[in-house]
Amino acid sequence: MSDTPAASVMDAIVSLCKRRGFIYPASEIYGGIRGFWDYGPLGVLLKNNIRDDWWRNMVECPPIGPDGQPVEIVGLDSAIIQHPKVWHASGHVDSFNDPMVDDRETKGRYRADHVKVLVPRDGQGNSFAFVEDREAAEKKIKRDARRNPTDYDEVILTTLPPEAYARVVGPDTRTPGTLTEPRAFSLMLDTYPGPIRDEDNKTYLRPETAQGIFLQFKNVVDTTRVKVPFGIAQVGKSFRNEVTPRNFIFRSREFEQMELEFFCPPDDALMWYEFWRAQRMAWWQSLGIDPSHLCYRDHDADELAFYSKATVDIEYKYPFTAPGFGELEGIAHRGDYDLSQHAKHSGQKLDYFDQDLQLRLKEQGTSAEEIKTRSRYVPNVIEPSSGLTRGVLVLLCEAYRRDESRPSGEYLAFKPSLAPVKVGIFPLVNKEGMPEIASKLYMDLRQKYTCEFDAKQSIGKRYARMDEIGTPYCVTIDGDTLKDQTVTVRDRDSATQQRINIDQVGSYLNERLSG
RNA sequence: GCGGGAGUAGCUCAAUGGUAGAGCUCUAGCCUUCCAAGCUAGAUGUUGCGGGUUCGAGUCCCGUCUCCCGCUCCA
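Note that the structure is predicted; figures quoted are calculated from it, not measured.

1. Regarding the sheet that holds strand β27 (residues 497–501)
- Taken in spatial order, the five strands make up an open sheet running β24-β23-β25-β26-β27, and their pairing is mixed. For this open sheet the edge positions go to β24 (451–453) and β27, each flanked by a neighbour on one side alone. If you compare each strand with its neighbour and ignore which way they point, the axes differ by 25 degrees on average.
- The pairing of strand β25 (residues 473–477) with strand β26 (residues 486–491) spans four bridges and is classified as antiparallel. What sits directly across from C474, in β26, is R490.
- The strands that helix α13 (residues 434–445) touches are β23 (423–427), β24 and β25; relative to β23, the one it contacts most, it runs at about 160 degrees.
- The strands touched by helix α14 (residues 459–469) are β23, β24, β25, β26 and β27; relative to β23, the strand with the most contacts, the crossing angle is about 175 degrees.

Shown next as structure tokens:
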């Protein structure tokens, strides 16, 4: 990428995406709607190409496991809307509803349940709030209230009645009464299935596809021949009320995820976590992303969800985070949290009887009692969860090139197999039999590849157009084709040409576009 | 949600309170034997939206929406 400032690189990418039909603002003719984007003719091709590659490498041709055998993964497409109890069981209703308070004076914002308050025991005078720095609050007590901190009790802000807020001094100010009352931030989008809008009907648009997988774990085990360890993969839309949708499609309120829930025996969970951690990085690199633009970020212990034993993010160096990185995929060791939660809330048994393990333990001479307890368990889950729409953004950022020496000035260097359009087919001149030959070649190639036939304007303009949308190859029929059946194939990245026989075009493309 | 900046053709941008423009793109035709060539013609605007001030508003004022930057948030 050039040394242009990050903002201008992003602006150029956003502009190119609209100009050439990759991504448009949603509802644009009505002024747009915050956090939503539409994928245009080329955008949907690019997105589908990433999705199909993921599906192929997960479900149809999964990687080879640690034991040398291909891992077993099946697909699923669950509903976006599920029973409301699902989201209580999963923890989303509680954890996605953090009450927040704002400080009108300092413009700070705090999670209300993280704010603690020192309240005078005799009820006289102001109270002093703090988040972590209790000493600062005590200092204010001594200096501003001229009292002893031991005269105060520590309470959580949310336990105070609303009328008490007027006498609370915010964490980063010395004036009382600047804090707003806690406001709930619901990070899930509500919906009311059924013709009558009734609070009893209230449920949510899923904030992740994963829960649908857990809900069908039992059905998949009972109705297909899978055996633990195995995975269930799903691609689909998810919805979150992000406080601040920002950075093009990076953080939007409707987005698309590619998630795998991999179920394994508790004893092997750490091994599978390491396995997927490596596999997922390898997959992103296989899409043509420069390894130096990707990194792992292990979550610190205090950052982990309470049920997670380990979580790592795969991050990408986006133009708007550079030189830092931003999240692309998370791989979480979720323990047995999800299945246990749903077992508890639904009253259904979601454990698994492991016959293979039973047999192995028997061979090892384990006691009958131990075999019994160890071969029935709630599987642990390793969850590689990636953003498909973030993947689109990453490939656009990664492919974007500036080259002033080119007619187009900029082009997209997608890995050929992922490019929205694979081949441009042009008659050099729109006469003398060339259009007919080009048209015939187009009709032939379109059976296998996304192709564009273009006979308009100068050849340079046509090449430039193809550069801008990232088409890796252009086949041109010229005067020589009429004499010796040869055509030129132009390579996008080098802008050089090669002359081959028209009959070899299919195999030429085959070699370069498969994988 | 807060603060700052911005919004004019598909894109990039002009226009002292006085007739809304340019370049590129795009379309049609001519021309053209390899990199946005040339010629001709054409299309695209309720100046984000809604009010107000004014004889007259793209321009000034108010509201609102969207985008960008910084906070905040992102189990």
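2. Quick look at the domain arrangement of chain A
- If you check the domain split of chain A, you get domain 1 (6–95 + 191–340 + 380–397), domain 2 (100–185) and domain 3 (407–513).
- Taken residue by residue, the interface counts 16 residues in domain 1 and 14 residues in domain 3.
- Contact between domain 1 and domain 3 buries roughly 1,300 Å² in total, counting both sides, with carbon and sulfur atoms accounting for 66%.
- In this assembly, domain 1 and domain 3 are joined by three salt bridges.
- Taking the shortest distance from any N to any O, the salt bridge between E410 and R19 comes out at 2.7 Å.
- Our count for the domain 1 to domain 3 interface comes out at six residue pairs in polar contact (both at pLDDT 80 or more).
- Among the elements that line the side of domain 1 that touches domain 3, the one with the most residues is helix α2 (residues 41–60), at six residues.
- Split by residue class, the side of domain 1 that touches domain 3 holds ten nonpolar, three polar and three charged.

3. With respect to the protein's contact with RNA strand B
- Near RNA strand B, the surroundings consist of 49 residues, among which E208, R251, P407, S458 and R465 are the closest.
- Expressed as a percentage, the sugar and phosphate content of the atoms of RNA strand B within 4 Å of the protein is 54%.
- A distance of 2.5 Å separates a base nitrogen of RNA strand B from a polar side-chain atom of E208.
- Measuring from a base oxygen of RNA strand B, one finds a side-chain N or O atom of R246 at 3.3 Å.
- Of all the secondary structure elements, the ones that give two or more residues to the surface near RNA strand B are α1 (6–19), α4 (92–95), β4 (97–102), α14 and β26.
- Considering every element that reaches the surface near RNA strand B, the biggest residue donor is α14, with seven residues.
- Classifying every residue of the surface near RNA strand B gives 13 nonpolar, 17 polar and 19 charged.

4. Here we look at unusual backbone geometry
- Backbone torsion omega between V228 and P229 reads 5 degrees, so that peptide bond is classified as cis.
- Positive phi outside glycine occurs at S27, with the angle close to 55 degrees.
- On the secondary structure map, S27 appears in the loop between β1 (23–25) and β2 (37–39).
- Overall, the relative accessible area of 38% leaves S27 in the partly exposed class.
- Positive phi outside glycine occurs at Q485, with the angle close to 60 degrees.
- Position of Q485 among the secondary structure elements: in the loop between α15 (479–484) and β26.
- Taking the relative accessible area as the measure of exposure, Q485 reaches 41% and is therefore partly exposed.

Scoring rules and cut-offs
Residues numbered from 1 in each chain as written. Chains lettered and ligands numbered in written order. Predicted model: local features only at pLDDT ≥ 70, side-chain atom pairs only at ≥ 80, totals over all residues. Heavy atoms only, no water. Pairing = 2+ DSSP bridges. Helix = DSSP H or I, 4+ residues; strand = E, 2+ residues; numbered from the N terminus. Axes fitted to C-alpha atoms, helices over the stretch in contact; angles between N-to-C directions. Contact = heavy atoms within 4.5 Å. Domains from an automatic or database assignment. Buried area = accessible area lost by both parts, 1.4 Å probe. Salt bridge = Lys/Arg side-chain N within 4 Å of Asp/Glu carboxyl O. Polar contact = N/O pair within 3.5 Å; in protein donor to acceptor, adjacent residues only side chain to side chain. Nonpolar A, V, L, I, M, F, W, Y, C, P; charged D, E, K, R; others polar. Near = heavy atom within 4 Å. Buried < 20%, exposed > 50% of the residue type's maximum accessible area, 1.4 Å probe, protein only.

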